[in-house]
Every structure is written in C-alpha cells, then in structure tokens.
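Residue-level structure breakdown
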Amino acid sequence: MHSRWLTRLSWSVLVTGFGFLYIPIVILIIYSFNESRLVTVWSGFSVKWYGELFRDEQMMNAVWMSLKIAFMSASAAVVLGSMAALIMVRFGVFKGKMLFTSMITAPLVMPEVITGLSLLLLFVSLDQFIGWPDGRGVLTIWIAHTTFCMAYVTVVVNSRLQDLDESLEEAALDLGANRLKVFFVITLPIIAPALAAGWLLAFTLSLDDLVIASFVSGPGSTTLPMEVFSSVRLGVSPKVNALSALLIAVVSSFTFVAWWVLRRQERLRLVDLQGAQKQQDQA
Amino acid sequence: MSSSVSSTSNSVRKVQLQINGVSKDFDGVLAVDNVSLDIYQGEIFALLGASGCGKTTLLRLLAGFEVPSAGSILLDGEDLSRRPPYQRPMNMMFQSYALFPHMTVEKNIAFGLKQDKMPKARIADKVAEVLELVQMNGYAHRKPHQLSGGQQQRVALARSLAKSPKLLLLDEPMGALDKKLRTRMQLEIVNILEEVGVTCVMVTHDQEEAMTMADRVGVMNNGVLSQVGTPMEVYEQPNSRMTAEFIGSVNMFEGTLKADAVDCAEIQADALDCNLYIGHGITGTEGMELAVAVRPEKINVSREPPSQQYNMARGVVEDIAYLGSHSIYHIRLRSGMIIMASVGNINRQLASDKDQRITWEDEVYVSWSDTCGVVLYS
Amino acid sequence: MARLTSWRPGRSLVIAVPYVWLLFFFLAPFAIVLKISFAESQLAQPPFTNLVAVVDDVLTFSLNLFNYIDLYEYDLYLRGYLNSVKIAFFSTLFCLLLGYPMAYIIARMPTHSRNICLMLVILPSWTSFLIRIYAWMGILKSNGLLNNFLQYLGVIEQPLEIMHTSVAVYIGIVYAYLPFMILPIYANLVKLDYSLLEAAADLGAQPWKSFVRITLPLSLSGIIAGSMLVFIPAVGEFVIPELLGGPDSLMIGKLLWAEFFNARNWPGASAVAVVMLLLLVLPITLFHRYQARDLELKPDA
C-alpha cells in the first residue's frame, strides 16, 4: 500500500514536471495553425501564416544568417573545445592550469549581458588601436559564439574522454603508431559521437543566442533571434508561432532520429554480446 | 610443463633483456627502486607481487609508457630506455586487452603491421597466420564487443604477436577472466608462447598463475626485486621472510642460533619446547637472531609421539579447514603459536568413521624432518 | 602521471591554441570592461573618453568614479541588484523543489524509460529559448489562454494580472532553467550506489532518514552545480524580465541593456557589469570548484 502511494506520487510529480515543460510548446504549435491574427482566439485551421513566414524576406535572411553563423561557430567550437578537453584529461598538470579550468567553466554560467558587453568593448578597443576587426558583423558574432560554445563542447567531450580506456591509446603506441597518428586513428574515431553531440549543442546554442549577438552584431548582420525579438517585443505574432513550430519540429525530429539510432546500436550490441556468451557456453 | 625447465641451463642461454639499476619515482615516491635483472631468450618470466609493489610500473618502463628516473634497459645490447613505445621492438598484451572497439578483429591485428608499412598481401597472410595460431580463424570480421572474454584475450594475444616482437609483455593476462577459464587459458597461452618461442615478461599478483606459466619468477616488494628464481626455488628456498610469506603459506619460527656445525645447526625457538635442527651448516654466529620457515605440507601430524627429539611439538587441534584434496589443521602449541599443517586426504573419508580421524580438540604431535626447514636471515 | 618526453613540443602548441583564445576573447574583455567603467560618457564614436589623454600638450590620466557613484546614488540600480538576487534565489529554489524529485524519480527508473524521460528533459532546452519564453506571453496575457481558460471554467471573473509582474518572471525562469537543474542532479543520483540505501534499510533506517542521511549528502555536488547553473545566469537574465516582466520585476540585466542600448552610456553599463560580476564572484567560484572536480581526470582511471 505504501509503495503504491509512492508510485502515484512519483507519477504526479513527473506529469506535473513534463506538463509544465511541454504544454506551452504544444499550445504554441497548435496556435501556429490558427486562422486569426489574434493569437489567443481560435478561429479555424489554416497554414497561411507559414506562407507569410516564407514570404517575409527579412525573416528568411535572418534565418540564413543564423544558420551560417551557427555552422561556423559550432565547427570552430568543436575544434577548440575538444583541444581543451584533451588538455584537461590527458595533459596532466601544467603551469596555469587553474586559470585554464576557470576560463572553461566560467562561460557556462556567465550572464550573457556581461559576455556580450565585454566582447563588444574588446572589439571596439581593438578597432581603435589596430583597426581590426574593422566594424562589427558576422566575424565578431562568430568569435563571440565560438568562445561561449567551446566551453559546452569541452564539457561534453571531456566526459567521453574520461570514460575512454587509456590503454587503448597505449596499445596503439605500443603497436608502432606515433602520438599524432594515435590521436587521429584511435582517439578521434572513438570519441566521434561526443564530437557530433558537442557540435549539435554548439550549433543550437549559437542559433538560439539573442543577447550576445545583439551586442556584437553590426548593420547587415541581424540574426534570427534578433529578428524574432524585435517582432515579439511588439506583441504576439502568428508568424513567430509558425516559425517556432517549424524550429521545434526540426529540432525534435533531429533529436529523435539521433536517439533512435543510438538505441538501435545499443540493442544490436546487446544481441551480439548475448550471441558471444552463448558461443562461449557451448565451447 | 614449463616450470620444469632447469635453472642450471641459464648460464649457457643468451641474455636478451638487461635491466640495469632502473628506478622510477613519481613525485618523490619510488615505485621501482634500483632493479637489475637479466631475461634470457625464449623464457617466460613472471614479475610477482602484491598490488602497488611496482611490478606494473616496471612493465610500463619496459614498454616505454614511463621513462626511468635512473638506469638503463637494454634489449639485445641496445639501450631502449629513452625511446618512445612506438619505436621499441616489443609488444604488450593489456589487462583490459585494449582491443580497438571501432575495428574488426582483422583490423586490430593488422594495425601494428600497417604501422610498419608492410605490403597488403603480406599483412593478410600474417593476420591469417596469427589467427590460426590462437584458433580464431573464423572471427576475422567480428568486432571486439561481439566476442566473449576468452575470445577477446586470444585476439589480444594474436595482435601482440603479429609484429613478431623480440619481447612480449603481458599485464595480468588472466585478470579479466573467471577462474575456470583462467586455468585453461594459462596452459593454452604457454603452449602458444612456446610454439612461437618469444621471450616474455608477464606481471601478475596470482602466485599460482606465475608458477604455472613462468620459467622463472621475480618477487617484487615495495619497488625492490627481492628474489629471482624458478618457481621451485622461490617456493622451496625463499631468501627472506617476505618471500616465504608472500608465496604460499608458511609456519615461521623465530629463534636464535645455538650451535653451528659443518653439516648441521641447532636453533632455539621461542615458540617450541625443543630446539630446531637443520640438516646443513649455516653461515652465522652463535646467538644471532634468525627464523626458520616450514611449509604446512612438510609437517606431519600424529596422535603418537614421534621418535625424534627435535623439530616437534605438542598441541591441540583448534580448527580444520577441509579443502577436498587436503585439509589444513590449525594446531595450537603450548606457547600459543598456531601451526598450520596440510594433510592430504589420501583415503576416502566418510562421515561415519570419525573415530579414526584426527579431529577438533584432539591432542596431537607435529613434527618435520631436518631437511624441511629453511633458515631465513632477513 | 609522468608522460613521454617526445610529446612535449606538440604539447605546448596544443595547450597554447585554446589557452590564448580564451585569454584573448574571454579574460581580456573583462579588463577592458573595468577600464571603461572608469571612463566618461561622451557623444562620439566610440562613446567614451580615454583614461589617458593628451589635453593641451599635457598627458592627463583621469579615473572617473562617477559611474559607480551613480549606481549608489540612484535607488533604481540598488533595487535592481537586490531584486535580481531575490528573483534568482527564489527561482533557483523553485527549480530545486520541482527538479530534485524529477531527477530522483528518473534516476531510479529502469534503463529504457529512464532514457526516454531524460530525452524529454533535454529536448526543450534544444529548442529556442526565446521561443519558449514567447510561448508564455500568449498564455499569461490578460486576454491570454490561461485567463480565457479559467474564465471559461468560471474559476475567476476578472482576468488575473500575471503578465508584466514578477510572477510571470518566476514562471519564465523556472520554466527555462529547469532542465539545467535536473541534469546535474540526475547525473549525480544515477551514479549513486543503491546498495548503500539497502544497507541503511538493513541497519534499520527509515526511508526518509536514509534519504536525508545518505542520498541527500551524496547528491550535494549535483545540487550545488544545478543551483549555480540556474542562479548565476538568472541574476543577469535579460530576455525573461524584458518579455514577461513589468515595473515590479526590475532586473539588473535589463538595466544594463537599457543603459547600453537606450541611453548609449557605455561607461555606465560597464560599471553595472563590474558590480554584477563582483556580486557573482562567490557563486562562480563555488560552481567552478564543483565543475573542476568533474573535469579533472578521475583518480581511479
């Protein structure tokens, strides 16, 4: 009786929690198909706002701009973040490691307004003294996003590297491959899923960032969140609902496919393991 | 069996690996302390010791994963101690096997050969050859996780043999296997190694494994190599209390030297009423402190008093551990010392005939012959 | 553990690349913020004065403390700071109260359903933050869905004023940051050895007692990491108070934004940032201590 009461409590906590997380999203998607301009009054099914969205050139330009920046930032962040993770896990103690660890962990929690302001002031000062980066735009957003995304990549890759059996790398060294080769032939392929996950995380973080981009962007480099923000500030707009629904659909299907692939692999692995066990029993 | 290889032939065999005064300290802690050792060509040598004794560090120094703080390592007369692992003609089988999870069995074995830029066709031949050697021919296209523990071990062995190394290093080779499989694989691996004829240094904490597999054993303690010899030498003639107690179990009598002749010696033991009698002369001065070690299976247990006046004691059976093939008797002497005696269960014992057997609380005599005690100075 | 000498030259290079990047683009900017917080605002490009300048052939060095004095004098900023800390603190508490039970329940599920639930927790944080806050605008408005629904049910007659109040800000922050609370606690609880609890039960401990004595202390590092992941960014939050908040939910991130974008007072904004950073030094250090432990190589590996 006692445990049934607990089970019920568990379920209600989970339902409340997930309801809280998902109801707003579901409502958002439903109302993206609303005929009416008034977002909160249902007046019939329609996909006209999707059409409006695609005809909105400014919005489409911002989408393209954001995707471009997210792609570049994620790629750079994966390179730098993986290097940082490798340093943390495999390089032992070195001079200034404390500071390095701090600079990796601090961006994870640093309020965006501070990061944005400080980077902007850096760019302005640089411009003043060395004439680079010569105004603000895609380049400065890319630098800013790479910097704050790499910390996340480091955390993701770091945990995978810690689980990696170091004797795998030693075995490759022992069999005649040098350090560099071991990294590319053994370490990299094994941590590849973590790199992919880190890249995707960095991509979505960059795609999502409003505050930092607002500080360091210049004329002609309006990103999607900036565009959405300026239209949302004026009130609820059905076009934004359509955009949101599309974004959510894309992200969830991506996540779901990734999850499904991983699960299938895991299941295949289990089947293989059982097969091997059986063989051993027969032997 | 391999352990029957006599140590007397060592003088004519070629030394392949020389370890000269090698030390390794990690931030001030000496993991390996001035170890010198010669390994002969074609032998299987086991480094035996408790965990943390420095045996694994010594193996890693050989493989090149650590750089010695002092000393040199010579393979066929060539100093390797500063060379990176990928330039040493030796290969290692890891405790976890360290099979590359993203490569098939075939690719795993070919990995080392590819690093040597061997032509493709030769690689394929060589892979087939070593797979045949470890009887894994049918598994070339499997991934490591599709293999059982025993199969993974065979593949790991094949991979480390594929490059025909001058020296094979085995790190706790049976560590990841269950007990039953272990006994089978010990003999199988020895057969494979002897077929290939490769010189081999292995590390283990399991004395039974070391004695089964190795021609010679080196006992390590606190970073120091305390004794080197054939398994029989190390067991029957331990050179220190530490070795005697680490390998097998032993009854240790502390005492002082009473008399020393050319062919015999007498030692007064605190725990015994009579003196200990050793059937050979020893080098020592009267009154010096030493110890005599007697293995449990050398001790005779009887109800009747033995005919000898030395090497005997009277006691009460306090405990009996029945182990099937033999039983261990724990006999408490008057002095309070407990002597362990191993008695073979040669006749089938039944629960009904308990009167004939020595049992709990029985008064018994223990005795041993004058050739059974080993005198230990340290 | 000592590594091979042959790795050394490459080693320095590998360390140098991310190190220099972070020094330059993460640490150096703070120094510049500090510098500019002592400058004066001016109508020029860039809109602040130099600390060191040549005026009438004389090298002058001016350290301007007015930006900081302003922060102190204007009650607005003081209220902003206090309100930010208050809102962030209670939001963190609410996140913990909802997140801990969720993490606990998920961690004790069988593997299959555990993975599904974990994905459900992570999924929202992969969709746009801005859009998720926007979703609440449509719900909380005075003629929004929540009010419509409650009025339809007859629970209320007049629409509730939630939008543009601190209640809306609390809802927004808890909603947006909940996954960041759940995940570290989950990661901690899932590693917990349940035989410890069985041992406690075996030794006669009541379930709630073994929870307080064993589970809670052992998951403390997850609680701290999660709380800092919520608290610190929440203090400087801009989007949520901007879109959902009103006059009573003044927050410092919003003030900084206004100072910078609306008043174009860059030195003033810098001073706001410096004080905010000083306020957050302690929580950031705390977070760093727990995070660094995770990032370092496990001792047994």
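So, here's what we can say about the structure. Here the structure is a predicted model, which means the values were calculated and not measured. (Residues numbered from 1 in each chain as written. Chains lettered and ligands numbered in written order. Predicted model: local features only at pLDDT ≥ 70, side-chain atom pairs only at ≥ 80, totals over all residues. Heavy atoms only, no water.)

**So, the sheet that holds strand β20 (residues 374–376) of chain B**
All names here are of chain B. Pairing is antiparallel in the open sheet, where five strands are placed in the order β13-β12-β11-β14-β20. Each edge of the open sheet carries a strand with a single partner, namely β13 (276–278) and β20. On average, adjacent strands in this sheet sit at an angle of 40° to one another, irrespective of strand direction. As paired strands, strand β14 (residues 289–294) and β20 are joined by three bridges and run antiparallel to one another. Along β20, the bridge assignment pairs A291 with L376. (Pairing = 2+ DSSP bridges. Helix = DSSP H or I, 4+ residues; strand = E, 2+ residues; numbered from the N terminus. Axes fitted to C-alpha atoms, helices over the stretch in contact; angles between N-to-C directions.)

**Focus on the environment of B:I338**
All names here are of chain B. Among the secondary structure elements, I338 is positioned in strand β18 (residues 338–344). A residue is classified by how much of its surface remains accessible, and I338, at 34% relative accessible area, is partly exposed. Distance from I338 to M185, taken between C-alpha atoms, is 37 Å for residues 153 residues apart in sequence. Ignoring anything within four residues of it in the chain, the contact list for I338 reads N251, E318, H330, I331 and R332. (Buried < 20%, exposed > 50% of the residue type's maximum accessible area, 1.4 Å probe, protein only. Contact = heavy atoms within 4.5 Å.)

**A closer look at the interface of chain C and chain A**
If you look at the interface, chain C gives 93 residues, while chain A gives 93 residues. Buried surface at the junction of chain C and chain A, summed over both partners, amounts to about 9,000 Å²; 78% is from carbon and sulfur atoms. Considering only the surface of chain C that becomes buried against chain A, C:W126, C:Y134 and C:L295 emerge as the three largest contributors, covering 9% of it. Between chain C and chain A we count one salt bridge in total. Notably, a salt bridge pairs C:E242 with A:R233, separated by 2.9 Å at the nearest N-O pair. Along the contact surface separating chain C from chain A lie 11 residue pairs in polar contact (both at pLDDT 80 or more). (Buried area = accessible area lost by both parts, 1.4 Å probe. Salt bridge = Lys/Arg side-chain N within 4 Å of Asp/Glu carboxyl O. Polar contact = N/O pair within 3.5 Å; in protein donor to acceptor, adjacent residues only side chain to side chain.)

**So, the pattern of salt bridges**
Counting across every chain of the model gives 22 salt bridges over all chains. Salt-bridge contacts for B:R303 lead to B:D362; the nearest nitrogen and oxygen are separated by 2.8 Å. You can see B:R303 sitting in the loop between β15 (300–302) and β16 (312–322) and its partner B:D362 sitting in the loop between β18 and β19 (363–367), a full 59 residues away along the chain. Residue classification places B:R303 among the partly exposed positions, given a relative accessible area of 34%. The salt bridge involving B:R314 is made with B:E363; its shortest N-O contact spans 2.8 Å. Remark: B:E363 occurs in strand β19 and B:R314 occurs in strand β16; sequence separation between them is 49 residues. According to the relative accessible area criterion, B:E363 is partly exposed, its value standing at 45%. Through salt bridges with shared partners, one network takes in A:E170, B:R60 and B:E66.

**As for the environment of C:C117**
Here C:C117 lies in helix α4 (residues 111–126). For the pair C:C117 and C:N148, spaced 31 residues apart in sequence, the C-alpha to C-alpha distance is 31 Å. For C:C117, the residues in contact, after removing those within four places along its chain, are A:F18, C:I106 and C:M109.

**A word on helix α4 (residues 97–109) of chain A**
Within α4(A), 10 of the 13 residues are buried, leaving the element largely enclosed by the surrounding structure. Of the residues making up α4(A), those classed as buried are A:K97, A:F100, A:T101, A:M103, A:I104, A:T105, A:A106, A:P107, A:L108 and A:V109.

**Notes on the side chain of A:E227**
Within the secondary structure, A:E227 sits in helix α10 (residues 224–232). With no salt bridge to any partner, buried A:E227 finds its closest opposite charge in A:K239, at an N-O distance of 8.2 Å. (Lys, Arg positive; Asp, Glu negative; His and termini not counted.)

**Details of the packing of helix α3 (residues 57–90) of chain A against helix α8 (residues 179–208) of chain A**
All names here are of chain A. Packing of α3 against α8 brings their axes to within 8 Å, and their N-to-C directions diverge by 135°. It follows that α3 is oblique to α8 by the angle criterion. In the crossing of α3 with α8, the sense of the turn from one axis to the other is right-handed. Residues S66, L67, I69, A70, F71, S73, A74, S75, A77, V78, S82 and L86 of α3 form the contact with α8, whose own contacting residues are F183, L195, G198, W199, A202, F203, S206 and L207. The residue inventory of the contact of α3 with α8, partitioned by class, reads 14 nonpolar, six polar and no charged. (Parallel < 35°, antiparallel > 145°, perpendicular 65-115°, else oblique. Left-handed = near helix turned anticlockwise from the far one by under 90°. Nonpolar A, V, L, I, M, F, W, Y, C, P; charged D, E, K, R; others polar.)

**Focus: unusual backbone geometry**
Residues and elements named next belong to chain A. The omega angle of the peptide bond from W132 to P133 is 5°, so this bond is cis rather than trans. Despite not being glycine, D134 has its phi angle at roughly 55°, a positive value. Here D134 shows up in the loop between α5 (112–130) and α6 (138–163). Given the relative accessible area of 65%, D134 is considered exposed.

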